[in-house]
Amino acid sequence: MADGSFETVRRTRSELTQALVRLNGKPFSFSNYPMFKAIYDGGYQELLMMTCRQVGKSTTLANFIISESIAVPHFKNYFLCPTQEQTHRFSSDRVGTTITYSPLIKKYFTNAGTSARVLSREFANGSKIQFSYATDDADRARGVSCDRLSLDEVQDMILSVVE
């Protein structure tokens, strides 16, 4: 809105994602992945996806993080994966690119005062995404308060603890 306030709109996560997110320059759609619509709208307290490669897990995780950050003011997401390279790639290529090329997200949820750093992104509604990695030093992942913790490639973090 023009005065900087926000209007409440009720939508499912899948509807919000399809309305706001652009992927590779095109509106995000479930047409190629209809099975994910139930995952988006499930409202699960915990979700574990065990799937093969290249089925959209990272895109789904990025969309969850972005849509929740947009939908809930002052929401704190924390993303954790094994390596610095994986973390930077996810933050830049999945989250950053989605925000940059989604006109409505960029227009209404980012501004000059919001951080767009690789390890910390903020939105105009006060929501924040923190990114970190933990294989080489688990202490790096401590002390961050959040509303939602998202883990990617968790099997690699578990293996490094066991070894």
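Residues numbered from 1 in each chain as written. Predicted model: local features only at pLDDT ≥ 70, side-chain atom pairs only at ≥ 80, totals over all residues. Heavy atoms only, no water.

1. Observations regarding the environment of Ser14
The topology assignment puts Ser14 in helix α1 (residues 13-20). With residues near it in sequence (within four places) discarded, Ser14 still touches Phe30, Lys37, Tyr40 and Asp41. (Helix = DSSP H or I, 4+ residues; strand = E, 2+ residues; numbered from the N terminus. Contact = heavy atoms within 4.5 Å.)

2. Focus: the pattern of salt bridges
Throughout the structure, instances matching the rule amount to 4 salt bridges. Salt-bridge contacts for Glu85 lead to Arg89; the nearest nitrogen and oxygen are separated by 2.6 Å. Placement of both Glu85 and Arg89 in helix α4 (residues 84-100) is noted, with a separation of 4 residues, approximately one turn of the helix. Here Arg89 falls in the partly exposed class, since its relative accessible area comes to 41%. Linking Lys128 and Glu122 is a salt bridge whose minimum nitrogen-to-oxygen distance equals 3.8 Å. (Salt bridge = Lys/Arg side-chain N within 4 Å of Asp/Glu carboxyl O. Buried < 20%, exposed > 50% of the residue type's maximum accessible area, 1.4 Å probe, protein only.)

3. What to know about the nonpolar core
The biggest cluster of nonpolar side chains holds 24 residues, and the ones touching the most others in it are Ile70, Phe79, Phe90, Val95, Ile105 and Phe123. Among the secondary structure elements, those contributing two or more residues to this core are α1, α2 (35-41), α3 (57-71), β3 (76-81), α4, α5 (103-109) and β5 (128-133). With 6 residues, the single largest contributor to this core is α3. If we skip the residues at most four places from it in the chain, Phe90 touches Ser58, Leu61, Ala62, Ile65, Phe79, Val95 and Phe131. (Core = buried A, V, L, I, M, F, W, Y, C linked by side-chain atoms within 4.5 Å.)

4. Thoughts on the sheet that holds β3
Ordered in space as β4-β5-β3-β6, the 4 strands form an open sheet in which the pairing is mixed. Sheet topology places β4 (120-122) and β6 (148-151) at the edges, where each strand pairs with a single neighbour. Between one strand axis and the next, the sheet turns through 15° on average, direction left out of account. Bridge count between β4 and β5: 3 bridges; the pairing is antiparallel. Within β5, the position partnered with Arg121 by the bridge is Ile129. The strands touched by α3 are β3, β5 and β6; relative to β3, the strand with the most contacts, the crossing angle is about 160°. α4 rests against β3, β4 and β5 of the sheet, and its axis sits at about 155° to β5. (Pairing = 2+ DSSP bridges. Axes fitted to C-alpha atoms, helices over the stretch in contact; angles between N-to-C directions.)

5. What to know about the packing of α3 against α4
For the pair α3 and α4, interaxial distance at closest approach is 10 Å and the crossing angle is 55°. Taken together, the axes of α3 and α4 lie oblique to each other. Seen from above, α3 lies across α4 with right-handed handedness. In contact with Ser58, Thr59, Leu61, Ala62, Asn63, Ile65 and Ile66 of α3, α4 contributes Phe90, Arg94, Val95, Thr98 and Ile99. (Parallel < 35°, antiparallel > 145°, perpendicular 65-115°, else oblique. Left-handed = near helix turned anticlockwise from the far one by under 90°.)

Structural measurements only, silent on function.
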